[in-house]
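Report on the structure
As a plain string of letters, each chain reads:
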Amino acid sequence: MARSKKTPGGVKEFIRKMKVSLKRKPQMIPMLVLAAAFLFYSLNLTHISDTTAKIQGSGMGLSGFCIMLFSLLSFVCFINAYPHRKKTNVPMLVIMFVMLGIIVYCDTHYLGGITRALTRPENPITIDAGTAYIGQAKDVLNTHRIIIALGAVLTLLVPVMRKLFRKMNTSLDVEENGNMQDIILSED
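Keep in mind that this is a model prediction, so the values were computed, not measured. (Residues numbered from 1 in each chain as written. Predicted model: local features only at pLDDT ≥ 70, side-chain atom pairs only at ≥ 80, totals over all residues. Heavy atoms only, no water.)

**Regarding helix α2 (residues 28-43)**
In this model α2 runs 22 Å from its N-terminal to its C-terminal C-alpha over 16 residues, within 8% of the 22 Å that 1.5 Å per residue would give. Of all the residues in α2, the buried ones are P30, M31, V33, L34, A37 and Y41. Down the axis of α2, the sector holding all buried residues measures 165°, keeping them to one side. Along α2, exposed side chains directed more than 90 degrees from the buried face belong to L32 and L43. Looking at the buried positions of α2, the neighbouring elements they touch are α3 (45-55), α4 (60-81), α5 (90-119), α6 (132-156) and α7 (158-166). (Helix = DSSP H or I, 4+ residues; strand = E, 2+ residues; numbered from the N terminus. Expected span 1.5 Å × (residues − 1). Buried < 20%, exposed > 50% of the residue type's maximum accessible area, 1.4 Å probe, protein only. Arc of directions from axis to C-beta. Contact = heavy atoms within 4.5 Å.)

Right under this line is the structure:
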């Protein structure tokens, strides 16, 4: 079945629909970044758990638990901060930023526990083939902090993005508008 020239299709139409969606809800960008941070941490949780079991540092298990808990709760706060067709719920946004701060603190505390275990004077842990997951856990936590910070910055920039997206032209080019009078007259 052939497409007519009046109906845009394919990649151009998909991009136009994405622009319209972002124009209506620019908060989707930071929400997707925060969801990516949660997925990234969750999918690499094995490295974190193995590291906690190996090092058994003070507060490391609690930090890992808090990261998971506050990641979920901050996501729920984010969704409630931007209700459909209503103004931004600022208290929920503030609670979300507090939770993001707690997440970054817990990431930093956990990284400190790894560093203390690797540099302690008596019986330091060495990273070798059997404990490679410790190095991977450090990388996961550093990357997680960066993604969380990026999500927080993008959340702060939602009003700016909203203004920029409103300037985009997302209307369809309708051909044959000049012949509209002829069409109306021909129906009579």
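Moving on from the model shown.
**So, α7**
For α7, the full list of buried residues reads V158, M161 and F165. Taken around the axis of α7, the buried residues stretch over an arc of 60°, which confines them to a single face. In this structure, α7 carries K163, L164 and R166 as exposed residues pointing more than 90 degrees from its buried face. On its buried face, α7 sits against α1 (10-24), α2 and α6.

**Thoughts on the packing of aromatic side chains**
In the structure shown here, the tally under the stated rule is one aromatic pair. Taking 5.2 Å as the distance between ring centres and 55° as the angle between the ring planes, the aromatic pair formed by F78 and Y82 counts as tilted. You can call F78 buried: its relative accessible area is 1%. (Phe/Tyr/Trp six-rings, centres within 6.5 Å; stacked < 30°, edge-to-face > 60°.)

**Concerning the packing of α5 against α6**
The description of two packed helices rests on the angle between their axes and on the distance between the axes. In the contact formed by α5 and α6, the axes pass within 10 Å of each other and the chain directions differ by 160°. Accordingly, the angle class assigned to the pair α5 and α6 is roughly antiparallel. In terms of crossing hand, the pair formed by α5 and α6 is left-handed. Listed contacts from α6 to L93, M96, F97, L100, I103, V104, D107, T108, Y110, L111, I114 and L118 of α5 are I134, A137, K138, L141, N142, H144, R145, I148, A152, T155 and L156. In terms of residue class, the contact of α5 with α6 is built from 16 nonpolar, four polar and three charged. (Axes fitted to C-alpha atoms, helices over the stretch in contact; angles between N-to-C directions. Parallel < 35°, antiparallel > 145°, perpendicular 65-115°, else oblique. Left-handed = near helix turned anticlockwise from the far one by under 90°. Nonpolar A, V, L, I, M, F, W, Y, C, P; charged D, E, K, R; others polar.)

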